[in-house]
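The lines below spell out each chain.
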Amino acid sequence: MSASAPTSLLAAPPQPLGRFLVPSVLVHAVLLGLVLGYGALTARPMLDVDQKPIRATLVRLGTPRDEKLLPRIEELPPPPKEQAPPPAPAPAVVPSPPTAPEPAKTKAPGEKTGDERQKLLGAFDKMSKAKRPPQTSGALDGDPSGDSAEAEGERYYGQLSAQVKRFYDVSETIPDQDRVHLVAQVALFIDPTGQLARFRLAKSSGNDLFDSAVLAAVKRAAPFAPPPDHLRTPLQKYGIVLQFRP
Amino acid sequence: MLPTTRLARSLLLVLATLAARAHAQTQVLEISGANFRPLPLAIPATQALTEEARASVGVFDEAFVFDASSAGIFQVLDRKSFLADAREGFTAPSITFSRWADVGADALVKVQLAVDGASLRGEMRLFSVASGKEDLRLVHVVPLTEPRRLAHFFADALYRFFTHEPGPFQTHIAFIHRVGKGREIWLSGWDGRDAVVVAKEGLNVLPAVGPDGNSVAYTSYRSGKPDIYRQRPGAPPTLLVSAGQMATGVAYSPDGKRIAYSLAQGDGTNIYVANADGSGARAVTDTTYFINSSPSWAPDGKRLAIVSTRAGSPQLYVLSLDNPTDARRLTFQGNYNQTPSWSPRGDLIAFTARDERNAFDLFTINVDTGKVTRLTQDQGNNAEPSFSPNGRLIVFTSTRNGIPQLFVMTANGQNQHPLPMERGEFDTADWGP
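A. Geometry of the overall build of chain B. Across its full length, chain B carries 4 helices and 32 strands. For 433 residues, the compact-globule estimate of 2.2 N^0.38 gives 22 Å, and chain B exceeds it by more than 25% at 28 Å. Structurally, chain B occupies a C-alpha span of about 110 × 70 × 40 Å along its principal axes. Across the 433 residues of chain B, 53% fall into the buried class. When the accessible surface of chain B is summed, it comes to about 18,900 Å², and 51% of that surface belongs to carbon and sulfur atoms. On chain B, the mean spot of the 42 positive side-chain charges and the mean spot of the 42 negative ones are 6 Å from each other.

See the structure below:
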């Protein structure tokens with residue numbers, strides 16, 4: 001009979017499962033890596049059906065309207081501006097010779113400036129009763145391509161939404177009772193320059209007219225503005241899903 | 001800690017991080033507010049199969065095309081742009097659909113007329129241009145003297161096919177024709193054609209189409225003060241209400257069994273509800289020194305929209321017939337809101353309002369949310385809206401062409417057309433069954 005080595009109370013007890021833990025974790029890591037790699041290759045946006053869609057609107061450039069007044073028919077936003085060519089390098093600046101300052105204009109007592117005269121006489125001037133410029137509901141810091149009286153959400157998404165909505169035409173013949181239930185989703189990927197890399201119908205509404213209308217809206221709306229830095233990678237890698245309702 | 005345990009924990013941490021990144025959620029952005037555009041519809045000229053039918057083609061064609069153009073859901077293409085052969089056949093195999101696709105048509109409608117004795121027989125076929133298939137075929141017979149009636153029948157059928165709802169084209173309107181200082185009441189088809197006079201002499205105003213579509217209730221000054229009468233074309237008037245100082249503004253309930261009207265008595269003007277023959281009248285408002293007028297029934301027949309000056313200016317109110325003392329104010333914008341017309345769909349009330357530029361224009365207000373939408377702007381004065389029985393269209397009076405005329409538009413203010421009526425001054429239309 002051999003004597004066994006005494007066991008110290010301070011030593012850690014032996015763990016029979018320890019030898020299996022590391023291989024198990026390694027196997028799971030490999031499997032997870034394979035799944036992620038497959039997902040990266042197919043690059044389909046993973047949709048969470050319980051995720052609440054966000055709304056983003058771009059406020060229109062205009063003056064806020066008094067809420068007590070009856071509403072005006074809102075005007076269509078101006079067409080999007082064409083992309084200007086890159087600016088030419090500025091020429092070398094040659095300092096101009098100093099010029100003497102102009103003497104300040106002094107008013108004679110009782111003399112009125114042109115603006116003041118216009119204000120006084122404007123009420124009696126027939127020209128002042130000419131057609132007033134159209135009043136647009138919006139904000140002083142709004143966007144010329146905005147389509148809403150109030151802003152909401154991420155600005156880039158608001159621009160994206162406004163641009164797609166400009167081409168979001170659906171046939172009037174779709175019955176009202178069908179319109180209530182129509183929901184279609186289009187998944188799209190935008191590269192850092194704003195070009196539409198790819199898009200597809202992620203969820204059909206069940207109505208061919210509506211499905212073709214939403215796909216056409218996305219296709220015609222492209223290209224978009226280059227996304228901001230914090231959205232560049234997500235939009236290219238994971239894309240964004242547009243959920244259309246009538 | 002054992003090295004293996006430390007390694008295992010590190011790997012677990014890495015896995016957790018990867019898992020979190022793997023479930024980085026893609027944003028879902030909601031887009032609503034579609035621009036509903038009409039369906040491009042090609043309607044080639046109606047064909048006459050018999051010589052006798054040629055006389056009816058022009059009248060039929062005019063009515064059918066106007067109905068389709070006014071529906072708000074079709075964009076009727078200009079015939080001058082058509083590329084297809086005019087001698088093309090009437091059935092799908094004989095039609096070159098690519099020619100119709102080239103002009104932008106999504107749907108194609110062909111109609112043939114033939115005379116059979118004293119009847120006019122029409123056949124309509126609807127085709128889908130994309131698929132080249134026949135979607136609808138319909139045959140209908142009317143008296144030879146009523147080609148418009150045939151056109152309205154086919155237009156209704158076309159409307160119902162696409163929308164699954166009844167069309168408005170086989171209904172009637174009553175309106176006022178101004179003749180010098182007098183006001184005549186006329187009853188016609190929905191488009192103002194085939195009109196017959198109902199009340200000719202004196203001053204007659206505020207017509208309301210009867211539940212049978214063949215009579216009109218109206219206010220008349222023939223007795224020296226405003227009373228309410230009912231009359232059929234060619235028949236003598238029947239007195240419905242003669243009480244107080246003025247009885248005006250009659251409106252039939254949706255089931256046609258009751259009427260609501262405004263009655264001036266003493267210091268105030270109140271709303272009364274009575275049986276359709278004028279009996280059993282009872283007041284549903286009781287505000288002394290104020291004016292309550294212009295009742296319009298809700299489609300459930302249990303509520304009325306009225307105009308009241310109890311707040312100091314004419315505003316719209318909704319009152320329940322079960323509890324009429326609890327009137328809910330509806331309009332809070334503007335200081336002059338009048339002539340409500342409750343949509344048969346129940347959600348909207350159209351009304352006339354005077355804006356800050358002193359122009360009269362048409363608006364709708366959502367009964368539940370109170371949201372006000374403007375329908376007309378910068379086009380003369382527009383007033384006195386009346387919804388179609390299906391709630392999709394509105395007929396109204398407009399002075400945009402210099403004289404008061406009747407116009408029709410969709411319930412959201414689109415597609416505004418003058419009715420193809422004879423030259424004259426017309427206003428205060430009521431759209432009935």
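Once the structure has been displayed, the description carries forward.
B. Region of interest: the pairing of strand 12 (residues 204–209) of chain B. Residues and elements named next belong to chain B. Across the 6 residues of strand 12, 5 count as buried, placing the element largely inside the fold. Bridge count between strand 12 and strand 13 (residues 216–220): 4 bridges; the pairing is antiparallel. Residue Val-205 lies in a different strand from strand 13, and its bridge partner there is Thr-219.

C. Structural detail: helix 4 (residues 147–163) of chain B. Residues and elements named next belong to chain B. Over its 17 residues, helix 4 extends 24 Å from the first C-alpha to the last, a length consistent with the 24 Å expected when each residue adds 1.5 Å. For helix 4, the tally of buried residues reaches 13 of 17 residues, placing the bulk of the element in the interior. Remark: His-164 follows helix 4 within two positions and exhibits a positive phi of approximately 60°.

D. Fine view of the pattern of salt bridges. Taken as a whole and assessed by the stated rule, the structure comprises 29 salt bridges over all chains. Put simply, Arg-220 of chain A and Asp-169 of chain A hold a salt bridge, and the shortest N to O gap is 3.7 Å. Highlighted residues: Arg-220 of chain A in helix 5 (residues 208–221) and Asp-169 of chain A in strand 1 (residues 169–171), separated in sequence by 51 residues. When its relative accessible area of 45% is taken as the criterion, Arg-220 of chain A is described as partly exposed. Between Arg-137 of chain B and Glu-123 of chain B there is a salt bridge, and its shortest N-O distance comes to 2.8 Å. In this pair, Arg-137 of chain B sits in strand 8 (residues 133–143) while Glu-123 of chain B sits in strand 7 (residues 119–128), placing the two residues 14 residues apart along the sequence. Classification of Arg-137 of chain B by relative accessible area gives partly exposed; the value is 44%. Each of Arg-72 of chain A together with Asp-355, Arg-357, Asp-361, Arg-374 and Asp-378 of chain B takes part in one network of salt bridges that share partners.

E. Main features of the environment of Val-395 of chain B. Residue and element names in this part refer to chain B. Among the secondary structure elements, Val-395 is positioned in strand 29 (residues 393–398). A C-alpha to C-alpha distance of 22 Å links Val-395 and Gln-231, two positions 164 residues apart in sequence. Residues contacting Val-395, with those up to four places away along its chain left out, are Glu-384, Pro-385, Ser-386, Leu-406, Phe-407, Val-408, Leu-419, Ala-429 and Trp-431.

F. Here's a closer look at the domain arrangement of chain B. Residue and element names in this part refer to chain B. According to the domain assignment, chain B consists of domain 1 (6–163) and domain 2 (337–433). Between domain 1 and domain 2, the C-alpha centre-to-centre distance is 27 Å. If you look at the interface, domain 1 gives 7 residues, while domain 2 gives 10 residues. Surface buried jointly by domain 1 and domain 2 totals about 560 Å² across both partners, of which 60% is contributed by carbon and sulfur atoms. Per-residue buried area on domain 1 facing domain 2 is highest for Phe-66, Ser-70 and Tyr-159; these three make up 66% of the total on that side. Between the two partners, domain 1 and domain 2, sit 1 residue pair in polar contact (both at pLDDT 80 or more).

G. Molecular detail of the sheet that holds strand 3 (residues 196–203) of chain A. The mixed open sheet is built from 4 strands, whose spatial order is 3(A)-2(A)-4(A)-1(B). If you trace the sheet from one side to the other, it starts and ends with strand 3 of chain A together with strand 1 (27–31) of chain B, each paired once. Between one strand axis and the next, the sheet turns through 25° on average, direction left out of account. Helix 3 (residues 155–165) of chain A rests against strand 2 (184–190) and strand 4 (240–244) of chain A together with strand 1 of chain B of the sheet, and its axis sits at about 45° to strand 1 of chain B. Set on the sheet, helix 6 (residues 229–237) of chain A makes contact with strand 2 and strand 4 of chain A; between it and strand 2 of chain A the angle comes to about 120°.

H. View of the pairing of strand 29 of chain B. All names here are of chain B. Within strand 29, 6 of the 6 residues are buried, leaving the element largely enclosed by the surrounding structure. Of the two faces of strand 29, the one lined by Leu-393, Val-395 and Thr-397 and the one lined by Ile-394, Phe-396 and Ser-398 are each fully buried. The sheet contact formed by strand 28 (residues 382–387) and strand 29 spans 4 bridges and is antiparallel. Bridged to Ala-383 within strand 29 is Thr-397. Connecting strand 29 to the antiparallel partner strand 30 (residues 405–410) that follows it, the hairpin turn spans 6 residues, and Gly-402 within it adopts a positive phi of roughly 105°.

I. Local environment of the environment of Gln-75 of chain B. Residue and element names in this part refer to chain B. For Gln-75, the position within the fold is in strand 5 (residues 74–76). Counting along the chain gives 41 residues from Gln-75 to Ala-34, while the straight-line C-alpha distance between them is 17 Å. When residues no more than four places from it in sequence are discounted, the contact partners of Gln-75 are Pro-38, Leu-39, Pro-40 and Leu-41.

J. Spotlight on unusual backbone geometry. Residues Ala-222 of chain A and Pro-223 of chain A are joined by a peptide bond in cis, for which omega reads 0°. Mapped onto the fold, Pro-223 of chain A is located in the loop between helix 5 and helix 6. Of note, the phi angle at Leu-206 of chain B is positive, near 50°, even though the residue is not glycine. Topologically, Leu-206 of chain B is positioned in strand 12. Even without being glycine, Ser-294 of chain B reaches a positive phi, approximately 55°.

K. Just the sheet that holds strand 17 (residues 258–265) of chain B, in detail. Residues and elements named next belong to chain B. Reading across the sheet, the 4 strands line up as 16-17-18-19 and stay open at both edges, with antiparallel pairing between neighbours. Two strands bound the open sheet, and with one partner strand each, they are strand 16 (246–252) and strand 19 (282–283). Pairing analysis gives 2 bridges linking strand 18 (residues 268–275) to strand 19, with the strands arranged antiparallel. Its bridge partner being in strand 19, Val-273 is matched across the sheet by Arg-282.

L. Looking closely at the side chain of Ser-215 of chain B. Residues and elements named next belong to chain B. Counting through the fold element by element, Ser-215 comes out in the loop between strand 12 and strand 13. Taking relative accessible area as the criterion, Ser-215 reaches 4% and is therefore assigned buried. Only 3.1 Å separates the side chain of Ser-215 from the side chain of Asp-212, close enough to count as a polar contact.

M. Broad picture of the interface of chain A and chain B. Between chain A and chain B, the residue contacts involve 52 residues of the former and 50 residues of the latter. Of the roughly 5,000 Å² buried between chain A and chain B on both sides combined, carbon and sulfur atoms contribute 58%. Our enumeration of links across chain A and chain B arrives at 3 salt bridges. Between Arg-245 of chain A and Glu-30 of chain B there is a salt bridge, with its nearest N and O atoms 3.3 Å apart. The interface formed by chain A and chain B holds 18 residue pairs in polar contact (both at pLDDT 80 or more) in total. If you list the elements that add at least two residues to the side of chain A that touches chain B, you get helix 1 (18–42), helix 3, strand 1, helix 4 (176–179) and strand 4 of chain A. Among the residues making up the side of chain A that touches chain B, the classes are represented as 28 nonpolar, 10 polar and 14 charged. Relative to strand 1 of chain B, strand 4 of chain A is paired through 5 bridges, and the arrangement is parallel. Considered in strand 1 of chain B, the bridge of Gln-243 of chain A is made with Glu-30 of chain B.

Calculation criteria
- Residues numbered from 1 in each chain as written.
- Chains lettered and ligands numbered in written order.
- Predicted model: local features only at pLDDT ≥ 70, side-chain atom pairs only at ≥ 80, totals over all residues.
- Heavy atoms only, no water.
- Helix = DSSP H or I, 4+ residues; strand = E, 2+ residues; numbered from the N terminus.
- Rg over C-alpha atoms; globule rule 2.2 N^0.38 Å.
- Buried < 20%, exposed > 50% of the residue type's maximum accessible area, 1.4 Å probe, protein only.
- Areas by Shrake-Rupley, 256 points an atom, 1.4 Å probe, with all protein chains shown as cover.
- Lys, Arg positive; Asp, Glu negative; His and termini not counted.
- Charge placed at Lys NZ, Arg CZ, Asp CG, Glu CD.
- Pairing = 2+ DSSP bridges.
- Expected span 1.5 Å × (residues − 1).
- Salt bridge = Lys/Arg side-chain N within 4 Å of Asp/Glu carboxyl O.
- Contact = heavy atoms within 4.5 Å.
- Domains from an automatic or database assignment.
- Buried area = accessible area lost by both parts, 1.4 Å probe.
- Polar contact = N/O pair within 3.5 Å; in protein donor to acceptor, adjacent residues only side chain to side chain.
- Axes fitted to C-alpha atoms, helices over the stretch in contact; angles between N-to-C directions.
- Nonpolar A, V, L, I, M, F, W, Y, C, P; charged D, E, K, R; others polar.

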